[in-house]
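Letter by letter, the chains look like this.
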Amino acid sequence: MEKWIQELFTEDVLKDAASRFGCGTSHAKKLGDFENYVYEVHRGEVPYILRLTHSSHRSKEEVEAELHWINYLHKHGVNVSLVNDSEAGNLVEVLETGDTRFFVCLFDKAPGAPVKINDPLFNDVLFYKWGKLTGHMHRVTKGYKLDENSRKRWDLDDVLDYEKYLTSEEDRDIIEKGRLNKETIRGFDETSDSFGLIHSDIHPGNFFYHDGDLHVFDFDDSTQFYFVSDVAIPLYYSVWWKFRNESLETRSEFGERFLTAFLKGYKTECEIGDEWIKRIPHFLLLRDLTLYSVFHKKWDLSHLSEGEESLLSQIRKRLHHDEPIVDLDYEEILTDVRTT
């Protein structure tokens, strides 16, 4: 979280936010503070997830649009965390902090626990279920009607304004690659079968495993974009988290295994054309560029930790050398998916 927002967020703000939903903070547990403040709080003995979003990050209308979609998915059988009304009957409560605001909401806590990268559960069965959950979400979403307070389109995200955050001379070629990548993706056809609301961040940190099922949460990055991006991002993060220090060959070998299992699960719920799968490299590159820009926005570049410096330099090096996170034979993968 940016330093100036940290200075606005006080214990009193947290207590006020929780009280709007009838929750206490005596045993509040902080779960995250990268783009939102996220806490586990309790109403009686029942745990909930309290989220505070600063007005510099999202508008009230954007937050409401996200929450309405989540509850629609929940109503139609997708394993997502229900959003609760406040004691005043609102999905979003507004807390004034000077001339800015925090937008507060409360989610049911998802059952289960995360699957760690080195957990035995991180296998083809999980990848299949991951794909099936994503396909289910997309199938249901194709029947969802957007209103005037819908989530923004992907290309309006400020972190894709690369020149705003990448100011070093050595990043000039990365800025140009980002511009060309956006131009290419903007040229793809937008139809009801290819384009709509997506989660945009379904990685292992954003779902729990419980009794054989996956339960997804954290829809803060949800946006209007191509559905295939929700296929590319799980591929990206699975490879990046587990094998980012390995060779391209090793990363690609795992990536092929992951994507094959994921697509087998996805296609049990939702169809996706072969041409979209073959376009995945464009969306993998977009994720590299997005992360690179986000890190420049969020981190103090003059005081990077060893881990932050490593992550940033890895992406920078790959972008400079046009090295993808994975290099896959998508035709072969599609053949494997069709024949099994």
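The structure we're discussing is the one just above.
Residues numbered from 1 in each chain as written. Predicted model: local features only at pLDDT ≥ 70, side-chain atom pairs only at ≥ 80, totals over all residues. Heavy atoms only, no water.

Caption draft 1: Local environment of the overall build of the protein chain. Of the regular secondary structure elements, the protein chain holds 12 helices and 10 strands. Since a compact globule built from 340 residues should have a radius of gyration of about 20 Å, the 20 Å found for the protein chain is in line with a globular shape. Along the first, second and third principal axes, the C-alpha set of the protein chain runs to 55 × 45 × 40 Å. For the protein chain, the proportion of its 340 residues judged to be buried stands at 52%. (Helix = DSSP H or I, 4+ residues; strand = E, 2+ residues; numbered from the N terminus. Rg over C-alpha atoms; globule rule 2.2 N^0.38 Å. Buried < 20%, exposed > 50% of the residue type's maximum accessible area, 1.4 Å probe, protein only.)

Caption draft 2: Looking closely at the environment of lysine 267. Relative to the helices and strands, lysine 267 resides in the loop between helix 8 (248–266) and helix 9 (274–277). Taking the C-alpha atoms as reference, lysine 267 lies 18 Å from glycine 196; in sequence the two are 71 residues apart. Dropping the residues within four chain positions of it, lysine 267 is found in contact with Ile272 and Val337. (Contact = heavy atoms within 4.5 Å.)

Caption draft 3: Spatial organisation of the packing of helix 6 (residues 172–186) against helix 10 (residues 280–298). For the pair helix 6 and helix 10, interaxial distance at closest approach is 10 Å and the crossing angle is 135°. Of the possible angle classes, the one that applies to helix 6 and helix 10 is oblique. Seen along the crossing, helix 6 lies across helix 10 with a hand that is left-handed. Contacts between helix 6 and helix 10 involve Ile174, Lys177, Gly178, Asn181, Thr184 and Ile185 on the former and, on the latter, His282, Phe283, Leu285, Leu286, Leu289 and Tyr292. Among the residues forming the contact of helix 6 with helix 10, the class breakdown is 7 nonpolar, 4 polar and 1 charged. (Axes fitted to C-alpha atoms, helices over the stretch in contact; angles between N-to-C directions. Parallel < 35°, antiparallel > 145°, perpendicular 65-115°, else oblique. Left-handed = near helix turned anticlockwise from the far one by under 90°. Nonpolar A, V, L, I, M, F, W, Y, C, P; charged D, E, K, R; others polar.)

Caption draft 4: The arrangement of the packing of aromatic side chains in detail. All chains considered together, the criterion is met by 31 aromatic pairs. Relative to phenylalanine 258, the ring of phenylalanine 127 lies with its centre 4.8 Å away and its plane at 55°, an arrangement referred to as tilted. You can see phenylalanine 127 sitting in helix 4 (residues 124–141) and its partner phenylalanine 258 sitting in helix 8, a full 131 residues away along the chain. Its relative accessible area of 0% is what places phenylalanine 258 among the buried residues. Each ring, one from phenylalanine 188 and one from tyrosine 226, has its centre 6.1 Å from the other, and the planes form 75°; the classification is edge-to-face. Here the residue phenylalanine 188 occupies a position in the loop between helix 6 and strand 7 (195–198), and tyrosine 226 occupies one in strand 10 (residues 223–226), the gap between them amounting to 38 residues. Here a set of aromatic residues connected by ring pairs shows up, and it is made of Phe122, Phe127, Trp130, Phe207, Phe243, Phe254, Phe258 and Phe262. (Phe/Tyr/Trp six-rings, centres within 6.5 Å; stacked < 30°, edge-to-face > 60°.)

Caption draft 5: Region of interest: helix 4. End to end, helix 4 covers 26 Å across 18 residues, agreeing with the expected 26 Å (1.5 Å per residue, within 8%). Turning to helix 4, its buried residues number three or more, namely Leu126, Phe127, Trp130, Gly131, Leu133, Thr134, Gly135, His136, Met137, His138, Val140 and Thr141. Structurally, helix 4 contributes buried residues whose contacts are with helix 3 (60–75), strand 7, strand 8 (207–210), strand 9 (213–216), helix 7 (229–243) and helix 8. Capping the start of helix 4, asparagine 123 holds a side-chain oxygen 3.1 Å from the backbone nitrogen of valine 125, two or three residues further along. (Expected span 1.5 Å × (residues − 1). Polar contact = N/O pair within 3.5 Å; in protein donor to acceptor, adjacent residues only side chain to side chain.)

Caption draft 6: View of the state of the cysteines. In total, this model carries 0 disulfides according to the counting rule given. Left without a disulfide partner, cysteine 23 is nearest to the cysteine sulfur of cysteine 105, which lies 12 Å away. By relative accessible area, which is 9% here, cysteine 23 ends up buried. The class for cysteine 105 is buried, based on a relative accessible area of 0%. (Disulfide = S-S within 2.5 Å.)

Caption draft 7: Region of interest: the side chain of histidine 136. Here histidine 136 lies in helix 4. Taking the relative accessible area as the measure of exposure, histidine 136 reaches 16% and is therefore buried. In contact with histidine 136, other than residues within four places in its own chain, are His76, Gly77, Val78 and Glu269.

Caption draft 8: Local environment of helix 8. End to end, helix 8 covers 26 Å across 19 residues, agreeing with the expected 27 Å (1.5 Å per residue, within 8%). Those residues of helix 8 that fall on the buried side of the exposure criterion are Arg251, Ser252, Phe254, Gly255, Phe258, Leu259, Thr260, Ala261, Phe262, Leu263, Gly265 and Tyr266. Buried residues along helix 8 sit against helix 4, helix 7, helix 9, helix 10, helix 11 (306–320) and helix 12 (330–338).

Caption draft 9: Region of interest: the pairing of strand 5 (residues 93–97). Every second residue of strand 5 is oriented toward a common face, the buried set being Glu93, Leu95 and Thr97 and the non-buried set Val94 and Glu96. Sheet topology places strand 5 next to strand 6 (residues 100–108); 5 bridges connect them, and they run antiparallel. The partner of leucine 95 across the bridge, within strand 6, is phenylalanine 102. (Pairing = 2+ DSSP bridges.)

Caption draft 10: Structural detail: the side chain of serine 293. Looking at the element boundaries, serine 293 is found in helix 10. Serine 293 has contacts with Val159, Tyr162, Tyr165 and Leu166, leaving out every residue within four places of it along the chain.

Caption draft 11: Examining unusual backbone geometry more closely. One non-glycine residue, aspartate 218, adopts positive backbone phi at about 55°. Mapped onto the fold, aspartate 218 is located in the loop between strand 9 and strand 10. A relative accessible area of 35% means that aspartate 218 is categorised as partly exposed. Despite not being glycine, aspartate 322 shows a phi value in the positive range, around 55°. Looking at aspartate 322, the relative accessible area reads 57%, which means it is exposed.

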